[in-house]
Amino acid sequence: MKISSRTENGVTILELLGNIKTLGDMEEFSSAIQAELDQKHLKVLLNFQEVGFVNSSGLGRLVLASKKVIEAGGVMKVSGLAQDLDELFTFTRLKEKIAVFKTEADAVRSFQ
Amino acid sequence: MKSPFFLKTLKGKAALFILALSLIGVLTLAAVVTKTTRNMQAEFQNEKVRLIDDFVLRTLTPIMLAGHGDMMSEVMSNYKGIQGLEKIEIVRVDGVEAFTDGQTMDKVNRALGEKRFSRALKSARQAVRPDDPHFANALATGGNEVFTREANNEKTVEIMFPIINQEACHVCHGTDHRIRGVLLSTFTMTKEDRGLINDMMLLSFVGFIVILGTSFGALFFFNTMVANRITGIIRQVNEIVGGNRFDLRLPLLETGDELNDLSTAFNHFIASVELYRNAEEREKESLESTVRERTKELQEKNDFIEADLMVARRIQQKLLPEKFPENSKMSFHSAYLPCLHLGGDYYDVFEMPNGHMGLFIADASGHGSSAALIVAIVKSLLSTIGQEIGSPSYVVQRISKILSRLTPDDSFCTLFYAVVNINTGWMAYSLAGHPPPVVVNRHTGAVRILEPNGGLVGIFDIDRFEDSVFKFEFGDRLFAYTDGITEAANKKRELFGSQRLIHVLEENRDFEAAQVIEAVLIAMKDHAGDEPLADDVALLVMDYQSDGRIA
């Protein structure tokens, strides 16, 4: 997978591209989150617009990332879930733990 | 510029060179012979002129000056002192021979006052045609004319020697003519002279043959000793290189010439190639043997791991129920397809006190051995906690709490745990992060999907799980599954999805549970095509039917 980082209105936006499926994907994802926390970027938005598939291990990493951001005193939100992923977030009740927004703009606004 | 094909080979070049050399030799020989022959002829002529000159000076002039005309005629007709002299005669300016007509004789006798010339008269004879160019030239210039005539295959040299009208002669001849006529002498070549020239011709012919012979000899020598041997060396080297026979060597001659040295140099080169290739071969063999050894080691390790995993798989299979409890209202069926040796899915059905039945299906995050370990923990927790009195959410909550302590931070499981009253059909369940089970009524075709009421299990330290209730009707078929089915993807990364699954369940509701399971698995594999399973697949089906009594 590919991850690119940019900042908008003080919110760090990580754009994810590809699947979160292999061990390599997961390591990449975890270290991207860690890199933001190391720089004290505490408002983190994950843009899932270009993510196809997340398996159960990937979901575990996502939860772990959220936990770490919270531990650091920050907030992690998610936007742009495809229908399959939205269903997954629903029945796993992750939406109760991680705020989910339809669009990136909505999510960025919610940080203000 | 492109050379003609015959100049590409050494043979062709040598042949052309020798041909050119022979041509030069023959031309030189011809030039020398021609020049010599001409010189000889010129020498012959010069010698005759000198003799005639001498004859005129020493013999003819004194006789003439003394007025001994008769003696002159005599001398001339009988003179044989000059070698090769065919004839000698005095010709007048009109080309008629002097002293042969009576008129001239009478005139001479009268002029002399006595009869001096007494010989018999002959008729006048035209010795030279008056328009003969040599004759005219001699009269006009007063110089000697020497030339060759050819008649009857006989070469003759003729000399026209002009006779000057000197003062002593003016008595008889007056002064009207500066030149009185010519002394015409004719020579034929003697046998010796001709022989000499023939010898020259023979010499040139022999020279020609010798040059040709030498040339062809040289060509033959070059071809045999150089060109053919070089061709041979090339052929043998090609055989060695083309046939990969670097163990062979070029044959050597006992007389070590330069070509022999060339063969020796080639042999050294071939030997070093052989050495290099042998070393390469040995290295390759050693490499191959190392690879074989490593492969064997890896294979052994792999076999060991494989065997170990097979044991683990058998242990894991023991965790799954061998057969399901039976009663008049409920029947159970299941299927389990781990995508690796070990699976991360688990299900169980067990009888509970007071006419209740426990249903459990779980999916640990990840798959393979890590997931299998989590499953084993879940199973043991369920065996102990499940026996305690409590609602499904209470059991799930306990499992979640312990699991979050025992497993890594990003590990979790999803599960569906239900307790069903066999008689009433009422069910209390906790659906925690798990794909919602589907209930299809086999009589009416009605489809109901259970509402989730909890999140992921074992990942959050503090979490809240709830219970929901659901009432089964007769003919209801509960279909609980793990996400390995719905997330089976095809080449285009399209997931099988819950909608397709529900469609298959509806379509096959008249069939027995085992057949429905088969239909689901076939539909899933049809969808995925050649793509392998990415996750474990587990299915648990419960049919709830009337036992004939009123519930």
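Residues numbered from 1 in each chain as written. Chains lettered and ligands numbered in written order. Predicted model: local features only at pLDDT ≥ 70, side-chain atom pairs only at ≥ 80, totals over all residues. Heavy atoms only, no water.

**Some details on the overall build of chain B**
Right, so step 1: Scanning chain B from N- to C-terminus turns up twelve helices and 14 strands.
Right, so step 2: Buried positions account for 42% of the 551 residues belonging to chain B.
Right, so step 3: Restricting the contact set of chain B to residue pairs at least 6 apart, pairs at least 24 apart contribute 67%.
Right, so step 4: Only carbon and sulfur atoms are counted for the fraction: they give 58% of the accessible area of chain B, which is about 31300 Å². (Helix = DSSP H or I, 4+ residues; strand = E, 2+ residues; numbered from the N terminus. Buried < 20%, exposed > 50% of the residue type's maximum accessible area, 1.4 Å probe, protein only. Contact = heavy atoms within 4.5 Å. Areas by Shrake-Rupley, 256 points an atom, 1.4 Å probe, with all protein chains shown as cover.)

**Quick notes on a nonpolar patch on the surface**
Right, so step 1: Residues Leu202(B), Phe205(B), Val206(B), Phe208(B), Ile209(B), Val210(B), Leu212(B) and Phe216(B) make up a contiguous nonpolar surface patch of about 730 Å² in total accessible area.
Right, so step 2: The exposure class of Val210(B) is partly exposed, given its relative accessible area of 48%. (Patch = residues over 30% accessible without salt bridge, like charges linked within 9 Å, V, L, I, M, F, W, Y side chains within 5 Å. Salt bridge = Lys/Arg side-chain N within 4 Å of Asp/Glu carboxyl O.)

**As for the environment of Met352(B)**
All names here are of chain B.
Right, so step 1: Inspection of the secondary structure puts methionine 352 in strand β6 (residues 345–352).
Right, so step 2: Exposure remark for methionine 352: the relative accessible area of 17% places this residue in the buried category.
Right, so step 3: Counting along the chain gives 34 residues from methionine 352 to glycine 386, while the straight-line C-alpha distance between them is 9.2 Å.

**Some thoughts on the nonpolar core**
Right, so step 1: Judged by nonpolar contacts, the single largest core of 52 residues is most densely connected at Phe360(B), Phe416(B), Tyr417(B), Met427(B), Leu450(B) and Phe472(B).
Right, so step 2: Apart from the residues lying within four places of it in its own chain, the contact partners of Phe472(B) are Val420(B), Thr424(B), Gly425(B), Met427(B), Val439(B), Arg448(B), Leu478(B), Met542(B) and Tyr544(B).
Right, so step 3: Listed in part, the 32 residues of the second largest apolar core include Phe48(A), Val54(A), Leu81(A) and Phe89(A). (Core = buried A, V, L, I, M, F, W, Y, C linked by side-chain atoms within 4.5 Å.)

**Observations concerning the packing of helix α11 (residues 497–507) of chain B against helix α12 (residues 513–528) of chain B**
Geometrically, a packed helix pair is captured by the angle between its two axes and the distance between the axes.
Residue and element names in this part refer to chain B.
Right, so step 1: Following both chains from N to C, one finds α11 and α12 inclined at 140 degrees, their axes separated by 10 Å at the closest point. Of the two possible hands of crossing, α11 and α12 adopt the one that is right-handed. On α12, the residues that touch Arg500, Leu501, Val504 and Leu505 of α11 are Val516, Ala519, Val520, Ala523 and His527.
Right, so step 2: For the contact of α11 with α12, the per-class residue count stands at seven nonpolar, one polar and one charged. (Axes fitted to C-alpha atoms, helices over the stretch in contact; angles between N-to-C directions. Left-handed = near helix turned anticlockwise from the far one by under 90°. Nonpolar A, V, L, I, M, F, W, Y, C, P; charged D, E, K, R; others polar.)

**Considering the sheet that holds β6(B)**
Residue and element names in this part refer to chain B.
Right, so step 1: Read from one edge of the open sheet, five strands run β6-β7-β8-β9-β12, paired in antiparallel fashion. The open sheet has two edge strands, β6 and β12 (468–471), and neither has a second partner. Neighbour-to-neighbour, the strand axes of the sheet open up by a mean angle of 20 degrees, direction not taken into account. (Pairing = 2+ DSSP bridges.)

**Side note on the sheet that holds strand β3 (residues 43–54) of chain A**
Residues and elements named next belong to chain A.
Right, so step 1: Read from one edge of the open sheet, five strands run β1-β2-β3-β4-β5, paired in mixed fashion. The two strands at the open ends of the sheet, each matched to only one other strand, are β1 (2–8) and β5 (99–101). Neighbour-to-neighbour, the strand axes of this sheet turn through a mean angle of 25 degrees, independent of strand direction.
Right, so step 2: With seven bridges joining them, β1 and strand β2 (residues 11–20) adopt antiparallel strand pairing. Considered in β2, the bridge of serine 5 is made with leucine 14.
Right, so step 3: Those strands touched by helix α3 (residues 83–91) are β3 and β5, and its axis lies near 115 degrees from that of β3.
Right, so step 4: Sheet strands in contact with helix α4 (residues 104–111) are β1, β2, β3, β4 (75–79) and β5, and its direction is about 155 degrees off that of β3.

**Re the packing of helix α1 (residues 23–38) of chain A against helix α2 (residues 56–71) of chain A**
Residues and elements named next belong to chain A.
Right, so step 1: Running from N to C, α1 and α2 cross one another at 10 degrees; their axes reach a closest spacing of 10 Å. The angle between α1 and α2 falls in the class roughly parallel. Between α1 and α2, the contacting residues are Met26, Glu27, Phe29, Ser30, Ile33, Gln34 and Leu37 on the first element and Ser57, Gly58, Arg61, Leu62, Ala65, Lys68 and Val69 on the second.
Right, so step 2: Of the residues belonging to the contact of α1 with α2, the class tally is seven nonpolar, four polar and three charged. (Parallel < 35°, antiparallel > 145°, perpendicular 65-115°, else oblique.)

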